[in-house]
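Architecture and fold: a report
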Amino acid sequence: MLGVKSRNLGTVPVMTTRGAAATTGSGGREVGMAAWDLRPCGMLVQKRNSDVHQNKTIVPTIRVKVKYGSSYHEVHIKSQATFGELKKMLAGPTGLNPLDQKLVYKDKERDSKTYLDAAGVTDGSRMLLFIDIPTQEKRVLEKVKTAKIDKASRQLLEISSEIDKLVKQVGNLEIEIYGGKKVVEKALLNLIELLMSQLIKLDGIVADGDVKLQRRMQVKRVQKYIEFLDMLKIRNSKITSYGNECNVRAPLQRLNKISFE
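Residues numbered from 1 in each chain as written. Predicted model: local features only at pLDDT ≥ 70, side-chain atom pairs only at ≥ 80, totals over all residues. Heavy atoms only, no water.

**Some words on the environment of valine 184**
Rules: Helix and strand labels come from DSSP, where a helix needs a run of H or I of at least four residues and a strand needs a run of E of at least two; each type is numbered from the N terminus. Buried residues are those whose accessible area, probed at 1.4 Å on protein chains only, stays under 20% of the maximum for their type, while exposed residues exceed 50% and partly exposed ones sit between those limits.
The residue valine 184 is located in the loop between helix H2 (133-178) and helix H3 (185-203) in this model. The exposure class assigned to valine 184 is exposed, which follows from its relative accessible area of 61%. Along the primary structure valine 184 and leucine 173 are separated by 11 residues, whereas in three dimensions their C-alpha atoms are 10.0 Å apart.

**With respect to the packing of H2 against H3**
Any two packed helices are characterised by the angle at which their axes cross and by the distance between the axes. What counts is decided by this rule: What counts as an axis is a line fitted to C-alpha atoms, over the stretch in contact for a helix, and the angles between N-to-C directions run from 0 to 180 degrees. Convention used here: angles under 35 degrees read as roughly parallel, angles over 145 as roughly antiparallel, angles from 65 to 115 as roughly perpendicular, and any remaining angle as oblique. The sense of a crossing depends on the near helix, which, turned anticlockwise from the far helix by less than a right angle, makes the crossing left-handed and, turned clockwise, makes it right-handed. Pairs of residues are marked as contacts when any of their non-hydrogen atoms sit within 4.5 Å. The residue classification treats Ala, Val, Leu, Ile, Met, Phe, Trp, Tyr, Cys and Pro as nonpolar and Asp, Glu, Lys and Arg as charged. All others, Gly included, are polar.
Where H2 contacts H3, the axes come no closer than 10 Å and their chain directions differ by 160°. As far as their axial angle goes, H3 and H2 are roughly antiparallel. When you trace H2 past H3, the crossing you get is left-handed. Of H3, the residues touching H2 (which contributes Leu156, Ile159, Glu162, Ile163, Leu166, Gln169, Val170, Leu173 and Ile177) are Ala187, Leu188, Leu191, Leu194, Leu195, Gln198, Lys201 and Leu202. A class-by-class count of the residues in the contact of H2 with H3 yields 13 nonpolar, two polar and two charged.

**Topic: the pattern of salt bridges**
How we decide: Salt bridges, as used here, are contacts in which a Lys or Arg side-chain nitrogen is within 4 Å of a carboxyl oxygen on Asp or Glu.
Tallying each qualifying case throughout the model produces five salt bridges. Note that glutamate 74 is salt-bridged to arginine 63, the shortest N-O span being 3.6 Å. A residue pair is termed long-range when its members are at least 10 positions apart, and glutamate 74 in strand E8 (residues 71-78) and arginine 63 in strand E7 (residues 61-68) qualify at 11 residues. Between lysine 165 and glutamate 162 there is a salt bridge, and its shortest N-O distance comes to 3.7 Å.

**With respect to the nonpolar core**
Here is the rule: The set of buried Ala, Val, Leu, Ile, Met, Phe, Trp, Tyr and Cys residues whose side-chain atoms join them within 4.5 Å is what this entry labels a nonpolar core.
Judged by nonpolar contacts, the single largest core of 28 residues is most densely connected at Leu188, Leu195, Leu202, Ile205, Val222, Leu229 and Leu232. Contributions of two or more residues to this core are made by H2, H3 and helix H4 (209-237). Among the elements that make up this core, the one with the highest residue count is H2 (10 residues). Discounting residues that sit within four places of it in the chain, leucine 195 has contacts with Leu166, Val222, Tyr225, Ile226 and Leu229. Grouped together as the second largest cluster of nonpolar side chains are 17 residues, Leu86, Leu90, Leu96 and Met127 included.

See the structure below:
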């Protein structure tokens with residue numbers, strides 16, 4: 001097929017025998033089909049900004065001088081980077097957390113999301129770095145608060161684990177006593193003492209929110225087990241040393257079950 005000349009586009013692309021498109025323009029240059037669009041109406045038009053020989057835009061790297069205290073720091077960074085990215089690069093040489101930094105350029109504090117080139121920063125620009133004291137103090141307080149919560153959670157977890165072990169011993173004594181076997185009273189007293197020590201530990205945990213609620217639940221749990229052990233002491237005293245019960249036998253539904261667990 002022959003190319004059809006157009007008033008505005010010159011020679012339009014034609015299909016070769018292999019199905020590949022080629023266009024002959026001024027000087028005999030061939031441009032691929034990537035430079036053309038086929039509209040729904042069948043018209044073939046040239047794409048905008050589609051010069052296949054055009055080089056990609058290269059973002060330049062600039063030098064920025066930042067003064068912090070009595071020291072100067074020279075940073076090489078892309079001109080289209082943000083002030084937040086610049087803060088991250090300054091974290092190493094200054095030792096400041098990016099969240100605690102305040103960058104001032106042309107007598108104006110710059111937001112971390114602002115782009116350097118949009119703020120007029122060019123190669124060789126200078127700016128000042130300060131510590132954002134209110135932000136730093138707030139972050140430190142939040143860090144301390146989080147550390148306290150974590151510590152209280154670990155303590156509560158350890159105490160809960162100890163309580164679980166003691167609960168198993170209470171269950172074993174319950175089975176024996178309700179089964180008509182007399183146990184040594186000291187075993188009951190020791191368990192009560194150990195549970196009381198867990199109450200003291202729980203009382204020493206300072207917490208808020210969910211941790212405080214969990215602590216309160218564990219306190220109530222321990223208190224009810226202590227009350228239950230007192231009841232077992234009374235029942236155990238009614239069993240003779242020969243293993244005979246004095247007029248009581250455990251109901252099957254009470255065996256190894258505690259309603260408040």
